[in-house]
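Overview (structure and organization)
Here are the chains, one letter per residue:
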Amino acid sequence: MSLDTEVKDGVDQETVDAVREVGGAYKYGWETEIEMDYAPIGVNEDIVRLISEKNKEPQWMTDWRLEAFARWKLMKEPDWAMVDYPQIDFQEIYYYAAPKSMADKPKSLDDVDPKLLETYKKLGIPLKEQMILAGVEGAEDIPAEGRKVAVDAVFDSVSVGTTFQEELKKAGVIFCSISEAIQEHPELVKKYLGSVVPQSDNFYATLNSAVFSDGSFVYIPPNTKCPMELSTYFRINAENTGQFERTLIIADEGSYVSYLEGCTAPMRDTNQLHAAVVELVILDDAEIKYSTVQNWYPGDEDGKGGIYNFVTKRADCRGKRSKVMWTQVETGSAVTWKYPSCILRGDDSQGEFYSIAIANNLQQADTGTKMVHLGKNTKSRIVSKGISAGKAQNTYRGLVSMHPRAKDSRNYTQCDSLLIGDKCGAHTVPYIEVKNNSSRVEHEATTSKVDDDQLFYCRQRGMDEEEAVALVVNGFCKEVLQALPMEFAMEAQALVAISLEGSVG
Amino acid sequence: MLDIKNLHVGLEEEDKQILKGVDLKIGAGEVHAIMGPNGSGKSTLSYVLSGKDGYEVTDGSAELNGEELLEMEPEERAAAGLFLAFQYPVEIPGVGNMTFLRTAVNAQRKARGEDELSAGEFLKVIRAKAKDLEIDADMLKRPVNVGFSGGEKKRNEILQMAMLEPKMCILDETDSGLDVDAMKLVSHGVNALRDAGRSFLVITHYQRLLDHIKPDVVHIMANGRIIKSGGPELALEVENNGYADLLAEVA
Ligand SMILES: Nc1ncnc2c1ncn2[C@@H]1O[C@H](COP(=O)(O)OP(=O)(O)OP(=O)(O)O)[C@@H](O)[C@H]1O
Ligand SMILES: [Mg+2]
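Residues numbered from 1 in each chain as written. Chains lettered and ligands numbered in written order. Predicted model: local features only at pLDDT ≥ 70, side-chain atom pairs only at ≥ 80, totals over all residues. Heavy atoms only, no water.

1. Side note on the overall build of chain A
- What chain A contains, in helices and strands, is 14 helices and 23 strands.
- Within the span of chain A, comprising 505 residues, buried residues form 63% of the whole.
- Counting only carbon and sulfur atoms, one obtains 48% of the accessible surface of chain A, whose full area is about 18,500 Å². (Helix = DSSP H or I, 4+ residues; strand = E, 2+ residues; numbered from the N terminus. Buried < 20%, exposed > 50% of the residue type's maximum accessible area, 1.4 Å probe, protein only. Areas by Shrake-Rupley, 256 points an atom, 1.4 Å probe, with all protein chains shown as cover.)

Spelled out as structure tokens, the structure:
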């Protein structure tokens, strides 16, 4: 039996321990007391200029932001998603909050406020080798140091430090905060920023273009396999603060990178806004794997508090035979509005989307993907697993579009929903457009309930009810968990268990 | 070991009595068999003892080593040593057989305050036991019971029993659907587990199984009651003459 299979098989001891330990509470709900530097509340041109200035940006960047802001003022918030939340007052949000100690950006992790580092340590960053080893069959075969993961940590509005910079530099990989990239690599940023998600794309993306404060930047040079996994951890800490980060990843010809993104936020009874933009550019024969474990605070059982998560993520498979794989585990947020998409522009390019979306209590999730086939012989695959518990609503929305030039292209969509209890809902909304006659689109959808016989079988063998549900649900999600890098797969399994706490009985 | 007294059970959802006063006492190390016509309440007895939802106990008691079973959660009964080999084993898609068993074994150990088995120890034990039951590595990896043949499912139940090392084992028609060779494997598996501290309640329709697993006592259940108990010869009598005479006797 290989190492991978046992870990990803379903639930393991970690999951069970995690459930016991947490005892129903949101694990990441503490806040860090750090002196913060805020911009005045609300948004206007001056705030946009201020953010630009804080980041010491050149004029072209300030202009780009202002242009976006001018557009945003004319736009309206979309209302087509199956989510329901009170009107957001965009003037009641802080658009910039940074730990005071970051006013002068640190040169290395040594310069970072130890409290911040403590925060990240609590979040399990960097991902500990013991996590790889714990409870894993065949662990003795793994080299002692485990796998390396370079981490960029974003705390409220700013990036607080990136690890393994030197080692990455040797390989020619650029991994830094986007504000640093704007200063150090303006030619790359100018060329690619907004080239996948244009300023005018949608309400939240346009707002992000105007006020994004930081985020991660990655460039992988031609014919380079990034020597380690790259990872960004986002943390919203300050109250009433919006987080608008921007991620830009460019995989040049023949390169490969696996990128992990994790998110948490403290428990608060007011809602917090998160509106990120992620742009991936993939050139000829290159490949990006992008994995997300999103665990923003979902609000309490009565639906009070929680993160509003409105995110635009898009991959542009610009090159021939380019490949992208989005994998996401969405357990958090009060409201999620998110559709990681693939533009399959290059001939023979491939897009894959694997998703687990869990909604419990009063959470609302409207997620899905768009596969836009433009090039010849392009392929896409969608595997979506939606789990609803409590009174939650979970909607899958998927667009598959085959353009006239996209001859001989294929899509396969599998969309499964699992219901726990009878007060929750699952909805599947496929949109399919095929504009040539040599392409094929397949769509399969199922809805099932957690079966009492399965739970009784598990309990007769000694598991308690929550362990049993976690096991059955992890089984339901298996195909997606398998698509995650190993470190994340374990974390994701634990999250699945935690986020379903109290969903039975 | 197991002491059932005057057990009356009905359905929760509808007004229907299924068990109408069952008395059954199984001593430590004993093997008892229950035979009886279809629908007489044999599986119901096994479900009620293991704590399945949907049944209502209206009278009586069931003790396992002096502890009242009927008040415990199903997983507490399991940790106390009760095991049911299901008449219809349940499929759990996506959950590896091995993961399932390891989770179960460790859950029980935890509940009893014992140390968990490490991955390595667990693997060693399960490989040896699977081999005895001719369960190959592939079946251990596959999702629990999914796509297993009838006979494979039953062998898998015995593997679970061997791994969990329960004190009181209830086998509900574990012989149904087994070919001759599988029957030998399963019987061998059960016999290997027989010892002074472990008891069995074997529900079956066929004398054949009892040739391999020699019972101390055979009970006949009809219409929610045990109508007759005796030695192994009682099973032979059923095999040869059916239930008509026995039913007539009590009528
Ligand atoms: N959940 C239920 N709903 C309705 N009827 C039930 C239920 N459970 C059991 N019964 C009924 O109770 C009676 C006893 O069923 P049980 O399964 O215990 O019989 P059995 O002795 O195991 O039969 P077999 O030899 O066919 O396995 C049957 O008439 C069955 O239809
Ligand atoms: Mg039966």
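2. Things to note about the confidence of the model for chain B
- For chain B, per-residue confidence averages 92 on the pLDDT scale, and residues scoring 70 or more make up 100% of the total.
- For chain B, the element scoring lowest by mean pLDDT is helix 10 (residues 244–250) of chain B, at 80; strand 6 (residues 82–85) of chain B scores highest, at 97. (pLDDT = per-residue confidence, 0-100.)

3. Thoughts on the pairing of strand 18 (residues 364–373) of chain A
Residues and elements named next belong to chain A.
- Extensive coverage of strand 18 is indicated by the burial of nine of its ten residues.
- Where strand 16 (residues 341–344) and strand 18 come together, four bridges link them in parallel fashion. Looking at the pairing, L344 lines up with H373 of strand 18.
- Taken together, the ten bridges between strand 18 and strand 20 (residues 393–402) define a ladder with parallel strand orientation. By the bridge assignment, Q364 is partnered in strand 20 with Q393. (Pairing = 2+ DSSP bridges.)

4. Some details on the side chain of T62(A)
Residues and elements named next belong to chain A.
- Mapped onto the elements, T62 comes out in helix 4 (residues 59–73).
- A polar contact of 3.3 Å, which involves the side chain of T62, links it to the backbone oxygen of P58.
- The contacts of T62, once residues within four sequence positions are left out, are R49, S52 and E57. (Polar contact = N/O pair within 3.5 Å; in protein donor to acceptor, adjacent residues only side chain to side chain. Contact = heavy atoms within 4.5 Å.)

5. Notes on the sheet that holds strand 2 (residues 17–26) of chain B
All names here are of chain B.
- With antiparallel pairing, the four strands of this open sheet are ordered in space as 2-1-4-5. In this open sheet, the two strands that pair with only one neighbour each are strand 2 and strand 5 (67–68).
- Packing against the sheet, helix 1 (residues 42–50) makes contact with strand 1 (2–11), strand 2 and strand 4 (55–64), and its axis sits at approximately 105° to strand 1. (Axes fitted to C-alpha atoms, helices over the stretch in contact; angles between N-to-C directions.)

6. Considering the pairing of strand 20 of chain A
All names here are of chain A.
- Across the ten residues of strand 20, nine count as buried, placing the element largely inside the fold.
- As paired elements, strand 20 and strand 22 (residues 425–434) share ten bridges and run parallel to each other. For Y396, the partnering residue across the bridge sits in strand 22 and is T428.

7. Concerning the sheet that holds strand 11 (residues 217–222) of chain B
All names here are of chain B.
- Taken in spatial order, the six strands make up an open sheet running 6-9-10-3-11-12, and their pairing is mixed. Here the strands that pair on one side only, and so sit at the sheet edges, are strand 6 and strand 12 (225–230). Put simply, the sheet's adjacent strands are angled 20° from each other on average, direction ignored.
- Note that strand 6 and strand 9 (residues 168–172) share four bridges and pair parallel. Each bridged residue has a counterpart across the sheet, and for L84 the counterpart in strand 9 is I170.

8. Digging into empty space enclosed by the protein
Residues and elements named next belong to chain A.
- Counted under the stated rule, the structure contains five cavities of 30 Å³ or more.
- By volume, the largest cavity amounts to about 80 Å³.
- Around the largest cavity, the lining is made up of 14 residues, and of these S384, G386, N394, T395 and Y396 lie nearest the centre.
- Counting residues per element, the ones that place at least two in the lining of the largest cavity are strand 17 (350–359), strand 19 (379–389), strand 20, strand 21 (410–420) and strand 22.
- Among the residues making up the lining of the largest cavity, the classes are represented as three nonpolar, nine polar and two charged. (1 Å grid on protein atoms, 1.4 Å probe; cavity = no way out; pocket = protein on both sides within 12 Å on 5 of 7 lines; lining within 4 Å. Points joined across faces, edges and corners; volume = space filled by probe spheres on them. Nonpolar A, V, L, I, M, F, W, Y, C, P; charged D, E, K, R; others polar.)

9. Some details on the site of ligand 1
Residues and elements named next belong to chain B.
- Every one of the 15 residues lining ligand 1 counts as a neighbour, but G39, K42, S43, T44 and H205 are closest to it.
- Within the side chain of H205, a nitrogen or oxygen atom sits 2.9 Å from an oxygen atom of ligand 1.
- For ligand 1, whose accessible area on its own is 640 Å², the fraction buried by protein is 65%.
- Looking at the shell around ligand 1 element by element, the count peaks at three residues for helix 1. (Near = heavy atom within 4 Å.)

10. A closer look at the packing of helix 3 (residues 45–54) of chain A against helix 4 of chain A
Residue and element names in this part refer to chain A.
- Relative to each other, helix 3 and helix 4 sit at 150°, their axes nearing to 10 Å. On the basis of their axis angle, the class for helix 3 and helix 4 is roughly antiparallel. The chirality of how helix 3 crosses helix 4 is right-handed. In this structure, helix 3 contributes E45, V48, R49, I51 and S52 to the contact, and helix 4 contributes T62, R65, L66, F69 and K73. (Parallel < 35°, antiparallel > 145°, perpendicular 65-115°, else oblique. Left-handed = near helix turned anticlockwise from the far one by under 90°.)

11. A short note on the coordination of the magnesium ion (ligand 2)
All names here are of chain B.
- Protein-derived ligands of the magnesium ion (ligand 2) are S43 (OG) and Q87 (OE1), with the metal-ligand distances lying across 2.0 to 2.3 Å. Of the two residues, S43 sits in helix 1 while Q87 sits in the loop between strand 6 and strand 7 (92–96), which places them 44 residues apart along the sequence.
- Its relative accessible area of 18% is what places S43 among the buried residues.
- Residue Q87 is classed as buried on the basis of its relative accessible area of 14%. (Donors = N, O, S within 2.8 Å, 3.2 Å for Na, K, Ca; no water.)

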